[in-house]
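Each chain is listed here by its residues.
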Amino acid sequence: MTVLRNNAGDPAKQQQAIEALAKESDAPIEHVRELYEIEHARLNSQARVKTFVSVIATRLVRNTLHAERTNS
């Protein structure tokens, strides 16, 4: 499982999270990147405290990918 720590603005850490999610879910990296970018942007625009935006985005994408696998 991918764990992010206070790296909200670090593109390298975001890329690592995307790659790890794609690998653990066996999903295409472009699909995971699209989901991650959507969730991250949505959360970032609403968050007053941005410290854990990447962590929450990662969790939401993981849940979405799991739901997609379950529904397939």
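These numbers come from a predicted model, not from an experiment.

Caption draft 1: Quick look at the packing of helix α1 (residues 11–25) against helix α2 (residues 29–46). Across the interface, α1 lies against α2 with an axial gap of 9 Å and an inter-helix angle of 130°. Between α1 and α2, the angle falls in the class oblique. Of the two possible hands of crossing, α1 and α2 adopt the one that is right-handed. Packed against α1, whose contacting residues are Gln14, Gln15, Ile18, Glu19, Leu21, Ala22 and Ser25, the element α2 presents Ile29, Val32, Arg33, Tyr36 and His40 at the interface. Its residues placed into classes, the contact of α1 with α2 shows 6 nonpolar, 4 polar and 2 charged.

Caption draft 2: Seen up close, the pattern of salt bridges. What the rule picks out here adds up to 3 salt bridges. Linking Glu30 and Arg33 is a salt bridge whose minimum nitrogen-to-oxygen distance equals 2.7 Å. Here the residue Glu30 and the residue Arg33 both occupy positions in helix α2, the gap between them amounting to 3 residues, near one helical turn.

Caption draft 3: Quick look at helix α3 (residues 53–71). Between the first and last C-alpha of α3 there are 27 Å, a value that for 19 residues agrees with the 27 Å anticipated at 1.5 Å per step. Those residues of α3 lying buried are Val53, Ser54, Ala57, Thr58, Val61, Arg62 and Leu65. Along the axis of α3, the buried positions cluster into a sector of 165°, meaning they face one direction only. Within α3, the exposed residues directed more than 90 degrees away from the buried face are Thr70 and Asn71.

Caption draft 4: How the structure looks around the side chain of Glu39. Inspection of the secondary structure assignment puts Glu39 in helix α2. Look at Glu39 and you get buried, because its relative accessible area is 17%. Among all residues touching Glu39, those that are not within four sequence positions of it are Ala57, Leu60 and Val61.

Caption draft 5: Just the nonpolar core, in detail. Judged by nonpolar contacts, Ile18, Leu21, Ala22, Ala27, Val32, Leu35, Tyr36, Leu43, Val53, Ala57, Val61 and Leu65 together constitute the single largest core of 12 residues. With near-sequence residues (within four places) excluded, Val53 lies in contact with His40, Leu43, Asn44 and Ala47.

Caption draft 6: Spotlight on a nonpolar patch on the surface. A cluster of nonpolar side chains, Phe52, Val55 and Ile56, forms an exposed patch at the surface whose accessible area comes to about 260 Å². Counting through the fold element by element, Ile56 comes out in helix α3. On the basis of relative accessible area, Ile56 is assigned to the partly exposed category, the value being 42%.

Calculation notes
- Residues numbered from 1 in each chain as written.
- Predicted model: local features only at pLDDT ≥ 70, side-chain atom pairs only at ≥ 80, totals over all residues.
- Heavy atoms only, no water.
- Axes fitted to C-alpha atoms, helices over the stretch in contact; angles between N-to-C directions.
- Helix = DSSP H or I, 4+ residues; strand = E, 2+ residues; numbered from the N terminus.
- Parallel < 35°, antiparallel > 145°, perpendicular 65-115°, else oblique.
- Left-handed = near helix turned anticlockwise from the far one by under 90°.
- Contact = heavy atoms within 4.5 Å.
- Nonpolar A, V, L, I, M, F, W, Y, C, P; charged D, E, K, R; others polar.
- Salt bridge = Lys/Arg side-chain N within 4 Å of Asp/Glu carboxyl O.
- Expected span 1.5 Å × (residues − 1).
- Buried < 20%, exposed > 50% of the residue type's maximum accessible area, 1.4 Å probe, protein only.
- Arc of directions from axis to C-beta.
- Core = buried A, V, L, I, M, F, W, Y, C linked by side-chain atoms within 4.5 Å.
- Patch = residues over 30% accessible without salt bridge, like charges linked within 9 Å, V, L, I, M, F, W, Y side chains within 5 Å.
- Areas by Shrake-Rupley, 256 points an atom, 1.4 Å probe, with all protein chains shown as cover.

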